[in-house]
Amino acid sequence: MTSLWLLLIGLAMLAAGYALYSKFLATKIYKLDDAYPTPAHQLSDGVDYVPTNKYVLWGHHFTSVAGAAPIVGPAIAVIWGWLPAFLWVTLGTVFFAGMHDMGALWASSRNRGQSIGMLSGRYIGARGRNLFLVVIFLLLLMVVAAFGVVIQGLFISTPSSVIPAWGAIVVAVIVGQMIYRYRINLLLTTVIGVTALYALIIVGDNYPVELPDPILGMSPGTFWIVALFVYAGIASLLPVWVLLQPRDYINGVQLFIGLGILYGATLISAPDLVAPAWNDAVPEGTPGILPLLFVTIACGAISGFHGTVSSGTSSKQLDKEGDARFVGYFGAVGEGLLALGAIIAATAGFKTLADWEAVYSAFGNGGVGAFVTGGGAIVNEGLGIPVSLSATILATMAVLFAATTMDTGVRLMRFVVQEAGEVVGVKVGKWIGTAVVLVIGLGLTFSAGADGSGGMRIWPLFGTTNQLLAALTLSIVAVMLIRKRRNPVAALIPLVFVFVMALWAAIDQFGTLADDKDWLLVAIDGVIIVAAIWVAVEAVMAMRRAASEPAEPEDADEVAARGEYEASGTS
Amino acid sequence: MTLRERWRAFARGLEEFYAGPYRRTLRRAQREEDDLFLTVVLAEALGVPDPAAYQSVELLPAVYEEFHAWHRRIGLDRSPLEHVGCC
């Protein structure tokens, strides 16, 4: 079978999901109403609450949720064959992720733009909110640790990505200066910035950087991980306009270009899928497809992280409630497209089955490396760009995704540490807070040896935690639907499925980790299991309460919102 | 919509795409800078000797509009200056 069919069927499923299922959700379940004053209008302040054009908002939402996860997860999961990964990505995006992301946007916009954490306090109880903080901290920790390892792996397997990846930092700093200091037109700056980035990719391709072994008493892998953590620490401390903002922007533009290149090349060259549809001969030590498939691919099928973005920033900028369909559901479709591209690259980008098997010789071996080599081959065949340059383009794309998420993750974790300090009455400054985050992150990464393998071993734990967060969000959506006496089945099916898979995987891993005597991860997994059971009990209690209480009037939110809207004098 | 208008709309969208995610952080940084500036300008009036008072006093009328929000932000419910009865 050629990848073209996989691509076309995938695109058709995602398109049908958007055209049909999201319309059903918008009109029958969420009943999105453009006349409802969204928080962006109710509380308009020109800072957080700003009505935003839906295409721009979609761009923000999509680039915020797209990190390295929709590439890493599917590129690892194809070890069970391309078919299970393909089905989970497409059906997951259509029935789970779109429903979840749009639901989080709707729930938050009906509650003055509050975050899922605050909503869990209101709909599930104070304990739900505490749980949310624990889960979000663990999730950020895993992102920071795992992405550090992903990037160092790419630097070593594709040394030509070193110059463009670090050079992108310089480009971002210059872009920030051009815009804020010299007031140069943004469009012009963008063109110059992106051209400079691609020029660096060509330079990097000609001058690959391979570090001597040892370097400063460390192996190259260890050195890169330490360097990345130091970078993330510094980036998270600098004023945002200096580095983070222009870097995220250039990265966002590069994301659209990179996706265009990969999809265009697949359409033109249509390489064969050399990997088996269903892999009967998985390497020894590969865990069972059930439940691991459903936690290995988290982002790209369903991801709790999306709910935090939906309710954290996107919901405060919705111009009309109806836009939630495009921003939320189509944002999930964007992630699905990225995951689909990763599946094609990691299964169709090899010449023979033997080549593919050589890469996928053990669980976790394929990953983003397979995406880069496989995708590079497809881009070479489709667009005629030399193999090594194509691989460098994709490796740089993956590094930039992971790095921008990593530096933002360090910044967000520092906020959590500072908030936790406030709770216990200790004032934590930003330097101390960042140092705490870096020590914990490095500790986790090196927990299984100096090669940083601890960072990658926690990957399935990332999936588990992420799915748990998704279950928490879906339970809030379900409680709201039950209170309004609308059919909650569309939320309950993904909720139960995701919850069962996450808990099953967590328990499964607990045994394996205990056998390996990896006590740090055993402890983290233990916390996740307790949190999962906690979510289930709290959510069931909240749903029973919602069902026994009198039905909420159909226009309850609207009346409350309009009352506050008019009282605020902004109408 | 003419081509020119379309182009303008695209540039506006790009601007929004650039600034949107960081609007809040940038505004907060700007406000902190403004607060520091106000503290310096008002230092003499608040009883802190200021060698640059001769220059900064001229700025007083320009900052009065911001004065009320500023004193509330730094934790003073009522105006700390007797001759400014903003609240």
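Overview of the structure. Residues take numbers from 1 onward in each chain, read along the sequence in its written order. Chains carry letters from A onward and ligands carry numbers from 1 onward, assigned in written order. Totals for whole chains, interfaces and linings use every residue, but because this is a predicted model, local features are given only for residues with pLDDT of at least 70 and side-chain atom pairs only at 80 or more, for both listing and counting. As a convention, hydrogens and water are excluded, and side-chain values are obtained from all of the structure's heavy atoms.

Turning our attention to the overall build of chain B. In this description a helix means any DSSP run of H or I spanning at least four residues, a strand means any run of E spanning at least two, and both kinds are numbered starting from the N terminus. Along chain B, the regular secondary structure elements total 4 helices and 0 strands. Each helix (α) and strand (β) of chain B, taken in turn from the N terminus, gives the series α-α-α-α. Relative to the globule expectation of 12 Å for 87 residues, the C-alpha radius of gyration of chain B, 19 Å, shows a markedly less compact shape. Between two residues, a contact is recorded if the distance between any of their heavy atoms is within 4.5 Å. Considering only contacts within chain B whose residues lie at least 6 apart along the sequence, 32% involve residues at least 24 apart. Side-chain charges of chain B comprise 12 positive and 14 negative groups, with the mean position of each set lying 14 Å from the other. The globule rule used here is 2.2 Å times the number of residues to the 0.38 power, and the radius of gyration it is set against is calculated over C-alpha atoms. None of His or the chain ends enter the tally, which takes Lys and Arg as positive and Asp and Glu as negative. Where a charge lies is defined by one atom per residue type: Lys uses NZ, Arg uses CZ, Asp uses CG and Glu uses CD.

A tally of helices and strands in chain A yields 23 helices and 0 strands. Over its C-alpha atoms chain A spans a radius of gyration of 23 Å, differing by no more than 12% from the 25 Å that the globule rule assigns to 571 residues. C-alpha extents for chain A along the principal axes are approximately 65 × 60 × 50 Å. Burial classification: accessible surface area is computed with a 1.4 Å probe over protein chains only, and a residue below 20% of its type maximum counts as buried, one above 50% as exposed, and the rest as partly exposed. Burial status across chain A gives 60% buried among its 571 residues.

With that out of the way, let us pick up the environment of serine 314 of chain A. Residues and elements named next belong to chain A. Inspection of the secondary structure puts serine 314 in the loop between α13 (304–312) and α14 (323–348). For serine 314, a relative accessible area of 2% gives the class buried. Expressed as a C-alpha distance, the spacing of serine 314 and aspartate 48, which sit 266 residues apart in the sequence, is 9.7 Å. Residue contacts for serine 314: discarding those within four places in its chain leaves Leu57, His61, Leu105 and Val309. Polar contacts here mean pairs of N or O atoms no more than 3.5 Å apart (in protein, one a potential hydrogen donor and the other a potential acceptor; neighbouring residues in sequence count only if both atoms are side-chain atoms). At 2.9 Å, the side chain of serine 314 forms a polar contact with the side chain of histidine 61.

As a further point, take the environment of leucine 290 of chain A. All names here are of chain A. You can see leucine 290 is positioned in helix α12 (residues 289–296). Classification of leucine 290 as partly exposed rests on a relative accessible area of 46%. Those residues in contact with leucine 290 that sit more than four places away from it in its chain are Met501 and Trp504.

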